[in-house]
Amino acid sequence: VDNMSDMDCSSQKITKSDSIHHMSHSQMWPELPPLPASANEEPSELYQTVMSHSFYPPLMQRTSWTLAAPFKEQHYHRGPSDSIANNYSLTAQDLKLKDLVKVYQPVTISVPREKITHRLPSATKSSAEPSKKKRKFSPQDKEDPTRTMSSCSTSACLPRKKEVITSLTLPGSRPMSPDEQINVMLQQEMEIENKETKPSESDLERYYYYLTNGIRKDMIAPEEDKVMVRISKLISNRLLTNPFLEPLMINLVEEKDNDYYNSLMKSIVDYILMDPMERKRLFIESIPHMFPQRVIRAPVPWHSVYRNAKKWNKEHLHIVNPMMLSLKDLWFQEFKDLRFVRRAELLEGKLPLQPHEYQDVIQKHCMEARQILLNKWIPACAQLFVSRKEHWVHFAPKSDYDSSRNIEEYFASVASFMSLQLRQLVIKSLEDLISLFMIHKDGNDFEEPYQEMEFFIPQLLMIKLEVNEPIIVFNPSFDGCWKLICNSISEIVKSSEGIPKVESVLFPELKGYNLILGTVNTEEKLVSDFVDQIFRVFQKNQVGPRKYLNVYKKYDDLLDNTAEQGITAFLKENHEIEDFVTRINSIKKRRNEIASMHITVPLAMFCLDAKMLNYDLCERAQNLKDRLIHFQVDVNRDTNTRYCYCMQRNSNSIWHEWENGKITFPLLTVSPDFTSRIFSFFT
């Protein structure tokens, strides 16, 4: 190892006077002879390396084809594949890839044991060759390499310990109590401790040396970056961005990296020291015991009940049948976006909708979705069962006398699974419908005067304002609108009813069974919760339309005939022409105000259609104006008629007298004021 050249054992724990050449360790560990006393120059690097290796034999190879190769592999002259494979198990350390073909012999149940034993000598001979080659390089007697971990029930058994056959008589199938379990584990730990010697001070020193210096850091795969990312996600951003905690963060990251490399180094060293030959070579007889981790399992009196329930589920619920996965894949590939109400299409269409238009759109969407289920989904599921009979046909009775219970239970499970898919479709459709109304969850209350630009989101329903003397009413009323919304929910649920089960298509002759898939019921709490959500939004959106009617308060006299009565009282009195002109102008101004009011009034969920209401009020004002004009025209007509009649009677006598020369006509003069009055009145 490279860093071992920098670690001179004589400079660590041994003083210069008690140098490595005079210490007693040389009697146990072979070393090079000491340098002559006349050699004053510093020992060469090669000499220092050899001396270091003689005191601390290398654990890993300095150079190898792979990054981290144990030093013991140099004795076998194996290739990289053989070397890597043989490091995984001590019992297979003498096998090679070229011998696997000879060792492997296919054995069947019908072949007697005697015939098998006749075929093994060649394989045994070939598999024993590597061990002979090993004894050639290391003449020491080979220790038992097949030791494994003890079969104790605790995780305190170490991989380095030899196999221990406990003498305990364990109870039978009855669950062990916690006291019995801890007693078994303690006795096993004591037996293992008695069979293994405690590590000496030298063993501990050398073990620690190999933990810290035996493996270079570049031989270990670095930790993945995403590990630190996952750790950072568990820490608050406030702590990560705190500048005062930055030094602590740096120390913690360094500690994490050191723990990572130290744990891997210890695992590699412990694994290498599992080989008794390596422990001899490294002069380590025993290593420290790990602290036992005792795990006590609580008594499980329900074990048999659980086992029976699990067996029943596997045989009767058919959860793991491949057809269930096929049905699920079919649904997610072709029908996962299917809805009884297509929310996006409604929002992209013409809004707001008249009540009958809204009802027609909901019914159209539900009918189209139902036809897809009947004409595509059910036939596609039936085709899956036809094309994959091998997954379910074994449940069918083999003869007319066999019970059909298994096949019935199987298709009952299929029906339950498909019913869940249908219920999911209904629930998602109801959620989409609710989200359509939840757009206006803030309501439509406003501060007077009304500002149209406050409500720029498209509305859903159109409500007409009409006159029902003496008040203004909504058509449809809010009760009618709520009934319309409830009917749309019922239409979604109703469209999912009556979908046949797949067995009705596979076996048309089946009768007397419930062959309809289950779906959502309108009486379920799920549906009532959805209705409550919409109702809360619906109530908030009733405030704006009722408040907007205050705009028409000043025109109540047109609705309750108060204005008509006022005109009647006005006409019973004698008035000058100027009074009539003033009254007509005021009515005309009122009519223009009504005509200039909003025809459509956006209010979140609803849009008020005031066209007919404004027209009706304008007509009422026009009728009052016409009544005044007609009254004055009639009065002037009567006056002119009487005047003309009188003029005609007198004209004959006057003409007769004029012809006889009895009278003469002076020049007739008309005042300008009288002429202007007559002109303005008739115009």
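Residues numbered from 1 in each chain as written. Predicted model: local features only at pLDDT ≥ 70, side-chain atom pairs only at ≥ 80, totals over all residues. Heavy atoms only, no water.

(A) Just the overall build of the protein chain, in detail. Scanning the protein chain for helices and strands turns up 26 helices and four strands. Relative to its full complement of 683 residues, the protein chain shows a buried share of 33%. Put simply, of all contacts in the protein chain between residues at least 6 apart along the chain, 75% involve residues at least 24 apart. (Helix = DSSP H or I, 4+ residues; strand = E, 2+ residues; numbered from the N terminus. Buried < 20%, exposed > 50% of the residue type's maximum accessible area, 1.4 Å probe, protein only. Contact = heavy atoms within 4.5 Å.)

(B) Quick peek at the side chain of His-440. For His-440, the location among the structural elements is in the loop between helix 17 (405-438) and strand 1 (461-468). Excluding its chain neighbours within four sequence positions, the residues that come into contact with His-440 are Ile-457, Pro-458, Leu-460, Val-537, Asn-541, Ala-604 and Met-605.

(C) Structural detail: the pairing of strand 4 (residues 606-609). Here strand 4 shows two buried faces, one formed by Phe-606 and Leu-608 and the other by Cys-607 and Asp-609. One ladder, built from four bridges, connects strand 1 with strand 4; its direction is parallel. From the neighbouring strand, Lys-464 faces strand 4, where its bridge partner is Asp-609. From the end of strand 3 (residues 600-603) to the start of strand 4, which pair antiparallel, there are two residues, and Ala-604 there has a positive phi angle of about 60 degrees. (Pairing = 2+ DSSP bridges.)

(D) The arrangement of the sheet that holds strand 2 (residues 471-475) in detail. One open sheet holds the four strands; their spatial order is 2-1-4-3, and the pairing between them is mixed. With partners counted over all chains shown, the strands left at the sheet margins are strand 2 and strand 3, one partner each. Each strand of the sheet is rotated relative to its neighbour by a mean of 25 degrees, with strand direction disregarded. Lying on the sheet, helix 18 (residues 478-495) is in contact with strand 1, strand 2 and strand 4; it crosses strand 1 at an angle near 155 degrees. (Axes fitted to C-alpha atoms, helices over the stretch in contact; angles between N-to-C directions.)

(E) A look at the packing of aromatic side chains. Within the structure shown, the criterion is met by 23 aromatic pairs. Where Phe-474 meets Phe-478, the ring centres are 5.0 Å apart and the plane angle is 50 degrees; that geometry is what we call tilted. Each member of the pair, Phe-474 together with Phe-478, is buried. Seen in terms of ring centroids, Phe-538 and Phe-606 are 5.8 Å apart; in terms of plane orientation they differ by 80 degrees. Their pairing is edge-to-face. Here Phe-606 lies in strand 4 and Phe-538 lies in helix 20 (residues 525-540), a separation of 68 residues in the sequence. On the basis of relative accessibility, which here comes to 0%, the residue Phe-606 falls in the buried class. (Phe/Tyr/Trp six-rings, centres within 6.5 Å; stacked < 30°, edge-to-face > 60°.)

(F) View of the pattern of salt bridges. One pass over the structure, following the stated rule, counts 15 salt bridges. Ionic pairing is found between Arg-342 and Glu-345, a salt bridge with its closest N-O pair at 2.6 Å. On the basis of relative accessibility, which here comes to 24%, the residue Arg-342 falls in the partly exposed class. As a salt-bridge pair, Lys-525 and Asp-529 come within 3.1 Å of each other at their nearest N and O atoms. Of this pair, Lys-525 and Asp-529 both sit in helix 20, separated by four residues, roughly a single helical turn. Of the residues examined, Lys-525 reaches a relative accessible area of 61% and is grouped as exposed. The structure contains a network of salt bridges with shared partners spanning Glu-223, Lys-256 and Asp-257. (Salt bridge = Lys/Arg side-chain N within 4 Å of Asp/Glu carboxyl O.)

(G) Region of interest: helix 20. For helix 20, built from 16 residues, the straight-helix expectation of 22 Å at 1.5 Å per residue is met to within 8% by its first-to-last C-alpha distance of 23 Å. If you check which residues of helix 20 are buried, you get Val-527, Phe-530, Ile-534, Val-537 and Phe-538. One face of helix 20 carries all of its buried residues, which in axial projection span an arc of 105 degrees. In this fold, the buried residues of helix 20 make contact with helix 17, helix 18 and strand 4. (Expected span 1.5 Å × (residues − 1). Arc of directions from axis to C-beta.)

(H) Just the pairing of strand 3, in detail. Across four bridges, strand 3 lies against strand 4 in antiparallel orientation. When the bridges of strand 4 are listed, Thr-600 appears paired with Asp-609.

(I) Structural detail: the nonpolar core. The biggest cluster of nonpolar side chains holds 94 residues, and the ones touching the most others in it are Leu-373, Trp-377, Phe-385, Met-418, Leu-465, Val-502 and Tyr-552. If you tally residues by element for this core, the top one is helix 17, at 15 residues. (Core = buried A, V, L, I, M, F, W, Y, C linked by side-chain atoms within 4.5 Å.)

(J) Just the confidence of the model for the protein chain, in detail. Averaged over every residue, the pLDDT of the protein chain is 77; residues scoring 70 or more account for 76%. Counting interchain partners and residues more than four positions distant, the pLDDT-below-50 stretch residues 1-28 has 42 contacts. The model gives residues 663-672 a pLDDT under 50, and that stretch makes six contacts with residues more than four places away or in other chains. (pLDDT = per-residue confidence, 0-100.)

(K) Fine view of the environment of Glu-447. Topologically, Glu-447 is positioned in the loop between helix 17 and strand 1. Each C-alpha atom of the pair Glu-447 and Gly-544 lies 9.6 Å from the other, and the pair is 97 residues apart in sequence.

(L) Inspection of the packing of helix 16 (residues 355-387) against helix 18 at higher detail. Where helix 16 meets helix 18, the closest approach of the two axes is 9 Å, and the angle between their N-to-C directions is 10 degrees. Judged by the angle between their axes, helix 16 and helix 18 are roughly parallel. Every residue of helix 18 that contacts helix 16 at Pro-355, Tyr-358, Gln-359, Ile-362, Gln-363, Cys-366 and Arg-370 is listed here: Leu-484, Ser-488, Glu-491, Ile-492, Lys-494 and Ser-495. Its residues assigned to classes, the contact of helix 16 with helix 18 comprises six nonpolar, four polar and three charged. (Parallel < 35°, antiparallel > 145°, perpendicular 65-115°, else oblique. Nonpolar A, V, L, I, M, F, W, Y, C, P; charged D, E, K, R; others polar.)

(M) Main features of a nonpolar patch on the surface. A contiguous nonpolar patch, built from Trp-312, Leu-317, Ile-319 and Val-320 and spanning about 440 Å² of accessible area, is present on the exposed surface. Within the fold, Trp-312 resides in helix 13 (residues 303-316). (Patch = residues over 30% accessible without salt bridge, like charges linked within 9 Å, V, L, I, M, F, W, Y side chains within 5 Å. Areas by Shrake-Rupley, 256 points an atom, 1.4 Å probe, with all protein chains shown as cover.)

(N) Main features of the packing of helix 23 (residues 562-572) against helix 24 (residues 577-595). Two elements in contact, helix 23 and helix 24, have axes whose closest approach is 12 Å; the angle formed by their N-to-C orientations is 170 degrees. With respect to helix 24, the axis of helix 23 lies roughly antiparallel. Where helix 23 abuts helix 24, its residues Gly-566, Ile-567, Phe-570 and Leu-571 lie against Asp-579, Phe-580, Arg-583 and Ile-587. Class assignment of the residues belonging to the contact of helix 23 with helix 24 gives a composition of five nonpolar, one polar and two charged.

(O) Inspection of helix 7 (residues 178-195) at higher detail. Taking 1.5 Å as the rise per residue, helix 7 with 18 residues should run 26 Å; its terminal C-alpha atoms sit 26 Å apart, in good agreement. Along helix 7, the residues that are buried comprise Gln-181, Val-184, Met-185, Gln-188, Glu-189, Glu-191 and Ile-192. Buried residues of helix 7, seen end-on, are gathered within an arc of 160 degrees and therefore sit on one face of the element. Facing away from the buried surface of helix 7 by more than 90 degrees, the exposed residues are Asp-179, Met-190 and Asn-194.

(P) Focus on unusual backbone geometry. Following Leu-351, the chain continues into Pro-352 via a peptide bond in cis, with omega recorded as 0 degrees. With omega at 0 degrees, the peptide bond leading from Glu-448 into Pro-449 counts as cis. Along the polypeptide, Pro-449 turns up in the loop between helix 17 and strand 1. Even without a glycine there, the phi angle at Phe-283 is positive, about 60 degrees. Mapping Phe-283 onto the fold places it in the loop between helix 12 (276-281) and helix 13. Classification of Phe-283 as partly exposed rests on a relative accessible area of 23%. The backbone phi angle of Ala-604 is positive, close to 60 degrees, even though this residue is not glycine.

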